[in-house]
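A structural walkthrough
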Protein chains: 2
Amino acid sequence: MRKNQDMLGEEQSGPLMADVARLAGVAISTVSRALANPGRVNAKTRAKIDAAAKQLGYTPNAMARGLRIGKSNIIMIILPGSLHYGASQIIPQVLQSINRSLIQGGHNLMIANLDRDEVSERHILDLAFGGTVRGAIILSSKLPEVDGRSLANAGFPIVSMLLDMSDAGFPSVVTNDREAVRDATAELIRLGHRRFLYIAGPEGNYHDVERYGGVVEALDQAGLTAEAVRRSGGNLDYQHGFEIGVQAASDFARLTDKPTAVIATSDDMAISFVSCVQRTGLSIPEDLSVVSFDGSPVCEFCSPSLSTIEQPVDEMGQAAVAILLGATGQMENGPATRTVIRSKLILRESMAGPKS
Amino acid sequence: MRKNQDMLGEEQSGPLMADVARLAGVAISTVSRALANPGRVNAKTRAKIDAAAKQLGYTPNAMARGLRIGKSNIIMIILPGSLHYGASQIIPQVLQSINRSLIQGGHNLMIANLDRDEVSERHILDLAFGGTVRGAIILSSKLPEVDGRSLANAGFPIVSMLLDMSDAGFPSVVTNDREAVRDATAELIRLGHRRFLYIAGPEGNYHDVERYGGVVEALDQAGLTAEAVRRSGGNLDYQHGFEIGVQAASDFARLTDKPTAVIATSDDMAISFVSCVQRTGLSIPEDLSVVSFDGSPVCEFCSPSLSTIEQPVDEMGQAAVAILLGATGQMENGPATRTVIRSKLILRESMAGPKS
DNA sequence: TTGTAAGCGTTATCAT
DNA sequence: ATGATAACGCTTACAA
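Quick notes on the rules
Residues numbered from 1 in each chain as written. Chains lettered and ligands numbered in written order. Predicted model: local features only at pLDDT ≥ 70, side-chain atom pairs only at ≥ 80, totals over all residues. Heavy atoms only, no water. Helix = DSSP H or I, 4+ residues; strand = E, 2+ residues; numbered from the N terminus. Rg over C-alpha atoms; globule rule 2.2 N^0.38 Å. Contact = heavy atoms within 4.5 Å. Lys, Arg positive; Asp, Glu negative; His and termini not counted. Charge placed at Lys NZ, Arg CZ, Asp CG, Glu CD. Least-squares fit on C-alpha atoms with pLDDT ≥ 70 in both. Expected span 1.5 Å × (residues − 1). Buried < 20%, exposed > 50% of the residue type's maximum accessible area, 1.4 Å probe, protein only. Arc of directions from axis to C-beta. Near = heavy atom within 4 Å. Polar contact = N/O pair within 3.5 Å; in protein donor to acceptor, adjacent residues only side chain to side chain. Nonpolar A, V, L, I, M, F, W, Y, C, P; charged D, E, K, R; others polar.

Labelled according to an unreviewed UniProt entry, chain A appears under the name LacI family repressor for deo operon, udp, cdd, tsx, nupC, and nupG, originating from Rhizobium giardinii.

Let us look at the overall build of chain A. In terms of regular secondary structure, chain A is built from 11 helices and 14 strands. Scaling as 2.2 N^0.38, a compact globule of 356 residues should have a C-alpha radius of gyration of about 21 Å, whereas chain A reaches 26 Å, well beyond that. Along the three orthogonal principal directions, the C-alpha set of chain A runs to about 90 × 40 × 40 Å. Long-range pairs, those at least 24 residues apart, make up 72% of the contacts in chain A between residues at least 6 apart in sequence. Taken together, the 34 basic and 39 acidic charged side chains of chain A have centroids lying 10 Å from each other.

Screw-axis analysis of chain A against chain B gives a translation of 0.0 Å along the axis, an RMSD of 0.1 Å, and a rotation angle of 180°. What the rotation and shift describe, once combined, is the action of a two-fold rotation axis. In terms of C-alpha distance to the rotation axis, chain A has A:Met110 as its closest residue, with the C-alpha 2.1 Å off the axis. Interface overlap between copies: 100% of the residues of chain A at the interface are likewise at the interface in chain B, consistent with a symmetric, same-surface contact.

All names here are of chain A. In this model, helix 9 (residues 241–254) (14 residues) spans 21 Å end to end at C-alpha, consistent with the 20 Å of a helix rising 1.5 Å per residue. The complete set of buried residues in helix 9 reads Gly241, Phe242, Ile244, Gly245, Ala248, Ala249 and Phe252. Taken down its axis, helix 9 places every buried residue within 155° of arc, on the same side. Exposed side of helix 9, more than 90 degrees from the buried face: Ala253 and Arg254 are the residues found there.

With that settled, consider the protein's contact with DNA strand C. Lining the immediate surroundings of DNA strand C are 24 residues, of which A:Ser32, A:Arg68, B:Thr30, B:Thr45 and B:Arg68 lie closest. Within 4 Å of the protein, atoms of DNA strand C come from sugar and phosphate in 58% of cases. In this structure, a base nitrogen belonging to DNA strand C sits 3.0 Å away from a side-chain N or O atom of B:Arg68. Contributions of two or more residues to the surface near DNA strand C are made by helix 2 (28–36) and helix 4 (62–69) of chain A together with helix 2 (28–36) and helix 4 (62–69) of chain B. The element contributing the most residues to the surface near DNA strand C is helix 4 of chain A, with four residues. Its residues assigned to classes, the surface near DNA strand C shows 11 nonpolar, eight polar and five charged.

Another aspect to go through is the protein's contact with DNA strand D. Around DNA strand D sit 23 residues in total, of which A:Thr30, A:Asn42, A:Thr45, B:Tyr58 and B:Arg68 are the nearest. Within 4 Å of the protein, the contacting atoms of DNA strand D are drawn from sugar and phosphate to the extent of 61%. Contact distances for DNA strand D include 2.2 Å between a phosphate oxygen and a side-chain N or O atom of A:Thr45. At 2.5 Å from a phosphate oxygen of DNA strand D is found a side-chain nitrogen or oxygen belonging to B:Tyr58. Breaking the surface near DNA strand D down by element, the ones donating at least two residues are helix 2 and helix 4 of chain A together with helix 2 and helix 4 of chain B. Ranked by residues supplied to the surface near DNA strand D, first place goes to helix 4 of chain B with four residues. Looking at the surface near DNA strand D residue by residue, the classes come out as 10 nonpolar, eight polar and five charged.

Here is the structure:
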């Protein structure tokens, strides 16, 4: 109630706790208690206060509260800029899942893009060290580090999702990438395939290692060697997933002794790959079987419909939030946990036995 | 520097402005000035301060600052829960574009899901009235309103994106939906089509009115009547875009005097529709031409590749941010502005002349 | 140009 | 059970 509140410049900051206190005829500290610890105040008093608050349309000021208690209720999610395009198909679901979970406990979700420039890194560090956010969920293996400030230290709660970073000390929520790909590959082998093309994302990162590892394991178990699989992509990090598939199709065209089955590490890659090879006259799955990773809804509606390993995005988001909010204090205790939530192979038309 | 800062419980709140001041040998207010108005402080002093700040790894506390100046630097984007799935293909781009623009000016982006429940409405209102956020970009026509509190009043800066809500008093950034669909339809007419199927999103909303209006206008100009177009979808609001396409395909199957061209109001719908009708033995574009709205990257890789009206998401995001940040004060001045950014029709294989 | 001091709207400690 | 009061970390008149 700073200036004229109902004159014309209705630009004011709304009713304060002091206003509620006055209207209810109690002290301001009592209002604070009534709102935070309803149990520690007389029922009658509380009723008066609640009524006054409602009547005034009172909303507590979050910044004042945050400043006082030294905590914010905001969590940030750090997305590599490329992700918006790369595994983009699942990003909206990731955000929604995380946001829904956060709201349960009165928390909020802020987005942070981690691009390859110092500006975005500095920005994220400011968010963290400036107390704006209380913790972070990261979908990136690289963490901002500028001017000696580093997100990795600072006892700042961080949970990694999708990528396993438990070795680096961050509790991680991942799916069983290796096993899922192993099973998908095993299924292809069972169908009769013996020569494979693996389309990689950024080479050497967790997903690549695990997923490619899964392929090799399946080959092993079937008595085949890694000779049976060729790789494409991988060297091209940070780009549009669709482009990787296009590139892979062109690699495929040059291959002698052609693979009869393709394992793509994201749906995007598979979709553009399929599109390109179909244009060269090949039929899927007759000439080439395809399976990919992510479980984007669109896979069901491709021609042919695409087999895909569906990531349990919702559960992963929920788990990440639960761990993050739970872990507020500890960190540094034991080794970081690694929570695995199983993917599900969805079999569709794109997988079948090889021709001959 | 509350307790023991390098003993073991490294859990403290980091260096304060007071620490910087002490180290630099100046008053705290001088530090504040040096950081905010570098011009209003002696170059030498400023150098000392900068050095001290850097040495300590100082980051200003955003909540304290926000509380003091009565403003937050956070903007929220309000997404209808359904959007994550519906026109989901463009949501990541929207978020990225808005976030990048915001960061330019030191602002941050918070996500708010507007679901159909009171909890999410209340949550958003708390964000606004509690001072957490400074303004909002809405992708929804419905605004939260609970307990007498309403986002629509409150002099709270709001900009609408995608939907034109200038009549309701919100500056809006939209694309030329009507015109774009009119042109696409005209192109279909030019190709020889005379009977159309229009696949609607939520019936009666801005997009439906404009886009359907565009179809009818094109028919008009060609001397055709609205009899030439049948509608599908529309009654099913808020659901997975893919489902609407599936439903439309089943509607299509039952139609007598079949349309030869389809105008879908989102890529999702078009994709699932195409998939379904292809399974009934129809060929696209031989038996049926298809064009849709959004410009999702995946359209290029469908079979056949899909013609689509590409929304200028990046520019819309930038414009929305510019308007929102510019409009901090005014509002209520004149009528709300309506900023139109043109879409681009991308012609691909899915559009061709009718068979006979 | 720089320093002093009064808040911003809460919460939490201490009395009462 | 309730009330006065001192922070929380910063910005901004106002003084020097």
